[in-house]
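Architecture at a glance
Listed below are the residues making up each chain.
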Amino acid sequence: MGRAFVAGLVVVAALTGCTVQTPEGEGKRRSPVHIELPGDTPSPGRTPAGDDGRPDPAPRPDDDKPRTAPAPPRVLWSRGDTGRDVRELQARLRQVAWLFEGPTGTYGEQTERAVSGFQGKRGLPRTGKTDTVTWQRLLRMTREPGRWDLYLMGGQQADPPDARCRTGRVLCIDKTSRTLRWMVDGRTVSTMAVRFGSRGTPTREGVFSVYWKSRDHVSTLYDSPMPYAMFFSGGQAVHFSADFAARGYAGASHGCVNVRDEAAIAELYAQVRNGDKVVVSW
């Protein structure tokens, strides 16, 4: 009789959506049968209880709201910034053919356009500002620039002058820093970037003097213009170079000391006299 009653109760439970708890073991009392009717609110007994036996609180209504959008990447450099880091950015942009001027060390319009183009090509927001995401992407695509990649078009600092430059009127030319100082009695009047001869046609080193000036000189050997030429050793002279102005240290002279800043060498040419000393050193 008892077994028939229980079996009937199980059938009723199944037909009405019941949950039946099975016996825990032979010889133990059976647990009560829990019945849920359709549409009923779930019993608190189905909610996991906390340490105190009470059910956990229901989720707050705002839990399903969208989470706050992630913060945009931090901007490292943007238009108007200057410095060595900007030079590296520009040098790397040159490597991937997004920039063709400089590096200048100044984040100007051309750099902003180059960054924007680079971003757009890679599906990044075209802000023209170099943020951390843009910078990391550029780093992965380029190599570490060398010193003369950073100063391809000049702008580098001059090293301390050679001791032989500290007296008199001197064109003090340093091959290490690739600079020319115009010095008078130990005082630097002006400084400019210069370029030298290639390995096959090196610029001679030593102490010389200016022996001839030629404002609109044209080389008889290479048939190339040498404006503001100041000759100091054989056919070697300090002069303006349009090629240096256009290509920077990507090129070289045939032994002369090239200057890329035409306004600077025009002013220098007006001050230098025949007989002024020239020192070329490492």
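Just so you know, the residues in each chain are numbered from 1, in the order the chain's sequence is written. Totals for whole chains, interfaces and linings use all residues, but because this is a predicted model, local features are given only for residues with pLDDT of at least 70 and pairs of side-chain atoms are given and counted only at 80 or more. Note that the side-chain values use all heavy atoms of the structure and ignore hydrogens as well as water.

1. A look at the packing of aromatic side chains
Put simply, the rule reads: Within 6.5 Å between ring centres, the rings of Phe, Tyr and Trp (the latter by its six-membered ring) count as paired, and their orientation is classed by plane angle as stacked under 30 degrees, edge-to-face over 60, tilted in between. The helix and strand labels rest on DSSP assignments: H or I over at least four residues marks a helix, E over at least two residues marks a strand, and numbering proceeds from the N terminus. To sort residues, take the accessible area from a 1.4 Å probe on protein chains only and compare it with the maximum for the residue type: under 20% means buried, over 50% means exposed, and anything in between is partly exposed. Here, over-ring charges are defined by two tests on the NZ atom of lysine or the CZ atom of arginine: distance to the ring centre within 6 Å, and angle to the ring normal within 35 degrees.
Evaluated as defined, the whole model comprises seven aromatic pairs. With centroids separated by 5.7 Å and ring planes inclined at 70 degrees, the aromatic side chains of Tyr 228 and Tyr 269 adopt a geometry described as edge-to-face. With a gap of 41 residues between them, Tyr 228 in strand E10 (residues 225-233) and Tyr 269 in helix H7 (residues 262-271) connect regions that are remote in the sequence. Owing to a relative accessible area of 14%, Tyr 269 belongs among the buried residues under this scheme. Put simply, the rings of Trp 148, Phe 244 and Tyr 249 touch in pairs and so form one group of aromatic residues. Between the NZ or CZ atom of Arg 178 and the centre of the ring of Tyr 249, over which it lies, the distance is 4.7 Å.

2. Considerations on the sheet that holds E10
To keep it simple, the criterion reads: One bridge is not enough; two strands pair if DSSP finds at least two bridges between them. Each axis is a line fitted through C-alpha atoms, and for a helix only the stretch in contact is used; angles between axes span 0 to 180 degrees, taken between their N-to-C directions. Throughout, a contact is declared for two residues whenever any of their heavy atoms are within 4.5 Å.
Pairing in this open sheet of nine strands is mixed, and the strands run E8-E13-E5-E6-E7-E12-E11-E10-E9 from one edge to the other. At either margin of the open sheet sits one strand with a lone partner, and together these are strand E8 (206-209) and strand E9 (212-218). In this sheet, neighbouring strand axes are inclined to one another by 30 degrees on average, regardless of whether the strands run parallel or antiparallel. Direction of pairing for E10 relative to strand E11 (residues 236-240): antiparallel, over a ladder of three bridges. Across the sheet, the residue bridging to Phe 231 is Ala 237, located in E11. Where H7 meets the sheet, its contacts fall on strand E5 (169-174), strand E6 (179-184), strand E7 (187-195), E9, E10, E11 and strand E12 (257-259), and the angle it forms with E10 comes to roughly 45 degrees.

3. Things to note about the layout of surface pockets
The condition is simple: Cavity: a set of points on a 1 Å grid over the protein atoms alone where a 1.4 Å probe fits but cannot get out. Pocket: an open set with protein on both sides within 12 Å along at least five of seven lines, its lining residues, like those of a cavity, having an atom within 4 Å of a point. Grid points are joined across faces, edges and corners, and a volume is the space filled by probe spheres set on the points. Residue polarity follows a fixed list, in which Ala, Val, Leu, Ile, Met, Phe, Trp, Tyr, Cys and Pro are nonpolar, Asp, Glu, Lys and Arg are charged, and the others, Gly among them, are polar.
Approximately 480 Å³ is the volume attributed to the largest pocket. Taken together, 25 residues line the largest pocket, and the ones lying closest to its centre are Tyr 222, Ser 224, Met 226, His 239 and Cys 256. Sorting elements by how many residues they give to the lining of the largest pocket places E10 first, with four residues. Along the lines of polarity and charge, the residues of the lining of the largest pocket split into 10 nonpolar, 12 polar and three charged. In this structure, the second largest pocket spans a volume of roughly 250 Å³. The wall of the second largest pocket is formed by 14 residues, among which Lys 175, Arg 178, Phe 196, Gly 197 and Trp 282 lie closest to the centre. A per-class count over the lining of the second largest pocket returns six nonpolar, four polar and four charged.

4. A few points about helix H3 (residues 109-121)
Formally: Working rule for helices: expected span equals 1.5 Å times residues minus one.
Between the first and last C-alpha of H3 there are 18 Å, a value that for 13 residues agrees with the 18 Å anticipated at 1.5 Å per step. Turning to H3, its buried residues are Thr 111, Ala 114, Val 115, Ser 116, Gly 117, Phe 118 and Gln 119. Turning to H3, the residues buried within the fold contact helix H2 (84-95), strand E4 (130-131) and helix H4 (132-141). Positive backbone phi, at 75 degrees, marks Gly 123, one or two positions downstream of H3.

This is a description of form; function is not addressed.
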